[in-house]
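# Structure assessment
So the chains spell out like this:
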Amino acid sequence: MSLRVRLTWLYTSLMGGLILSLGLAVYSMVRVDLVYNIDILLERTANDIIHNARIDAAGNLDLVNLRTLNLTENLLIQVWGRDGRLLASSENARQFTNSIDLIEAQAVHPAYRDNYIGTLHLRVLSVPLVVNQRKIGLLQVGTNLNLVEQTQRSLLNVLIITALVAMVLAGLISWLIIGHALAPLEMITRVATNITAADDLSRRISLSAPTHDEVGQLIQAFNQTLSRLEHLFTAQRRFLTDVSHELRTPLTVIKGNVGLMRHVHSVDEESLLSIENEVDRLTRLVGDLLLLAQAESGKIPLDMQPVELDTLLFEVFQQMRILAGDHLQVKLVEIDQLKVTGDRDRLKQVLLNLGGNAIKYTPAGGSIQIGLYRSGNQARVVISDSGTGISAEDLPHIFERFYRSEKSRTRSHEDGGFGLGLSIAYWIVRQHDGRIEVDSKEGQGTTFCIWLPLSTK
Ligand code: ADP
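All of these numbers come straight from a predicted model, not from anything done at the bench.

## Comments concerning the sheet that holds strand β7 (residues 329–335)
Strand order in the open sheet formed by five strands is β7-β9-β10-β12-β11, with mixed pairing between adjacent strands. Two strands in the sheet have a free side with no partner beyond their single neighbour: β7 and β11 (435–441). Pairwise comparison of adjacent strand axes, ignoring direction, gives a mean angle of 15 degrees for this sheet. Two elements, β11 and strand β12 (residues 445–453), share seven bridges in a ladder whose sense is antiparallel. Residue pairing for β12: V438 is matched across the bridge by F448. Helix α6 (residues 344–360) rests against β9 (367–375), β10 (378–385), β11 and β12 of the sheet, and its axis sits at about 25 degrees to β10.

What follows is the structure, given as structure tokens:
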């Protein structure tokens, strides 16, 4: 059963149930109210008759002259003597020789009762007539309830017809409204099926519904998921292309060198060195890829220990000085004594990577500054250089896998990295609950900042 049919069915049943309960309540209230009014009329009539009754000297009930009373024709009245004789009765009650309510004929308290005589449905009030604590007779006042029943029957008919019409209308209206509300969902399903069939993640659902309602939000969420999937697929495709590209170059060099050696029938030291370099490069690439895969999936094994960040940074500083040689000026501007919890080797790898990049991308004569500061409950490592800087288009992408600026791509093959270093650094810092930020101006220099939570121990 479709959702539309189920919802329509649900609303119609609900509406039916509601009308039914309401109808039942109205029906019972009308009956109670009518009977209540009849009972008041019966009681008032009985009181009138009792006030007009006369008692003879012997204390017996004298004949009650009903004619003197102004009675409505629908009222049946019987006055019974102590000996069970009918002393008086209204004109319309003459047809009844027996009591109009035999069950209450001996009533000792006033009592109301519904009684059937043949097809006639009566409401009867039986009132014992008592003088000086002696029952001298019984007064029975009754009225025909057929009118009440007729009213109730008519009411029931009206209720049934109204309920049926309301249910049909409710069904129709909810069918239309639900159909209208579900139309965007059908469209989403159609688009999703088309996307799957055409294998085209660039398609989007056009937003015809208002953005603030549930369907609008669903469409937005769906489109966002599609964008994310498209981005992931594109990234994966690019990743494969990049890996193949990175693998091809060293393999071509190795093959060329092997071919050369075979051609000259001798082992050439220079070719061997070149092969060794390329094998090292390949090994580095595979190592980096493995590390990145682990880091991205959050499965990188980290040996978390208290780390004295100042000591670590000092070691990095010294290594950088050796690497920079006389070409660059590497300065340690400020170093606070700070402790973080982390994997010392991995943190050193990150710092060396940033330091290495600073050296790599700063031309001779430039300077690099290193600092470690306390910012609230965080440690901030700053490595800034006066190098080439990163262009505004490249800046948002530098933490992506294999991303290298155009300039870096055109660098010499041995010198250029794979464009994985910053991705790895990003994930390692993230796994230390920290963050890494970059600020750069082309031609002026670059500043990398790493924030790490300070150790509480
Ligand atoms: P690579 O191995 O190519 O250095 P990274 O992931 O470490 O890979 O860096 C990605 C890219 O970011 C680099 O190719 C370079 O274009 C840019 N980059 C990183 N650090 C700097 C820097 N200090 N100055 C200028 N450009 C930088």
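## Remarks on the packing of aromatic side chains
For any pair of aromatic rings, geometry is given as the distance between the ring centres together with the angle between the planes. Within this structure, the stated rule accounts for five aromatic pairs. Ring plane angle 45 degrees and centroid distance 5.8 Å describe the contact between F314 and F317, whose orientation is recorded as tilted. Of this pair, F314 and F317 both sit in helix α5 (residues 309–324), separated by three residues, roughly a single helical turn. Classification of F314 by relative accessible area gives partly exposed; the value is 37%.

## Description of the domain arrangement of the protein
Segmentation of the protein into domains returns domain 1 (3–151), domain 2 (214–297) and domain 3 (305–453). With centres defined by C-alpha atoms, the gap from domain 2 to domain 3 works out at 23 Å. Across the boundary between the two partners, domain 2 contributes 18 residues, which contact 16 residues of domain 3. Carbon and sulfur atoms supply 61% of the area that domain 2 and domain 3 bury against each other, a total of about 1,800 Å² over both sides.

## Quick look at the pattern of salt bridges
A full pass over the atoms with the stated rule returns 15 salt bridges. For D200, the salt bridge is made with R203, and the minimal N-O distance between the two is 3.5 Å. Residue classification places D200 among the partly exposed residues on the basis of a relative accessible area of 24%. Exposure remark for R203: the relative accessible area of 35% places this residue in the partly exposed category. R281 is the partner of E246 in a salt bridge, and the nearest nitrogen-oxygen pair spans 3.4 Å. Taken together, the residues span a long stretch of sequence, with E246 in helix α3 (residues 214–264) and R281 in helix α4 (residues 269–296) at a distance of 35 residues.

## Description of the nonpolar core
In terms of nonpolar packing, the biggest core is built from 47 residues, with L309, V340, L351, I368, V381, L420 and I450 touching the most fellow members. Among the secondary structure elements, those contributing two or more residues to this core are α4, α5, α6, β9, β10, α8 (421–431) and β12. When residues of this core are sorted by domain, at least three fall in each of domain 2 (214–297) and domain 3 (305–453). Residues L75, I77, V79 and V127 belong to the second largest nonpolar core, which totals 18 residues.

## A closer look at the sheet that holds strand β4 (residues 120–131)
Pairing is antiparallel in the open sheet, where five strands are placed in the order β2-β1-β5-β4-β3. Among the strands making up the open sheet, the edge pair consists of β2 (86–89) and β3 (111–117). On average, each strand axis in the sheet is inclined to that of its neighbour by 25 degrees, with strand direction left out of account. Relative to β4, helix α1 (residues 3–52) is tilted by about 35 degrees, and along the sheet it contacts β1 (75–81), β3, β4 and β5 (134–144). The strands touched by helix α2 (residues 146–198) within the sheet are β3, β4 and β5, with β4 carrying the most contacts at an inclination of about 140 degrees.

## Description of the layout of surface pockets
Over the atoms a probe the size of a water molecule is rolled, and this reveals where empty space is left. Quantified by volume, the second largest pocket comes out at close to 510 Å³. Lining of the second largest pocket is provided by 17 residues; of these, H231, L232, A235, E296 and R401 occupy positions nearest its centre. Here the lining of the second largest pocket gets eight residues from one element, more than from any other, and that element is α3. Its residues assigned to classes, the lining of the second largest pocket comprises seven nonpolar, three polar and seven charged. In terms of domain composition, the lining of the second largest pocket takes at least three residues from each of domain 2 (214–297) and domain 3 (305–453).

Rules of the game
Residues numbered from 1 in each chain as written. Predicted model: local features only at pLDDT ≥ 70, side-chain atom pairs only at ≥ 80, totals over all residues. Heavy atoms only, no water. Pairing = 2+ DSSP bridges. Helix = DSSP H or I, 4+ residues; strand = E, 2+ residues; numbered from the N terminus. Axes fitted to C-alpha atoms, helices over the stretch in contact; angles between N-to-C directions. Contact = heavy atoms within 4.5 Å. Phe/Tyr/Trp six-rings, centres within 6.5 Å; stacked < 30°, edge-to-face > 60°. Buried < 20%, exposed > 50% of the residue type's maximum accessible area, 1.4 Å probe, protein only. Domains from an automatic or database assignment. Buried area = accessible area lost by both parts, 1.4 Å probe. Salt bridge = Lys/Arg side-chain N within 4 Å of Asp/Glu carboxyl O. Core = buried A, V, L, I, M, F, W, Y, C linked by side-chain atoms within 4.5 Å. 1 Å grid on protein atoms, 1.4 Å probe; cavity = no way out; pocket = protein on both sides within 12 Å on 5 of 7 lines; lining within 4 Å. Points joined across faces, edges and corners; volume = space filled by probe spheres on them. Nonpolar A, V, L, I, M, F, W, Y, C, P; charged D, E, K, R; others polar.

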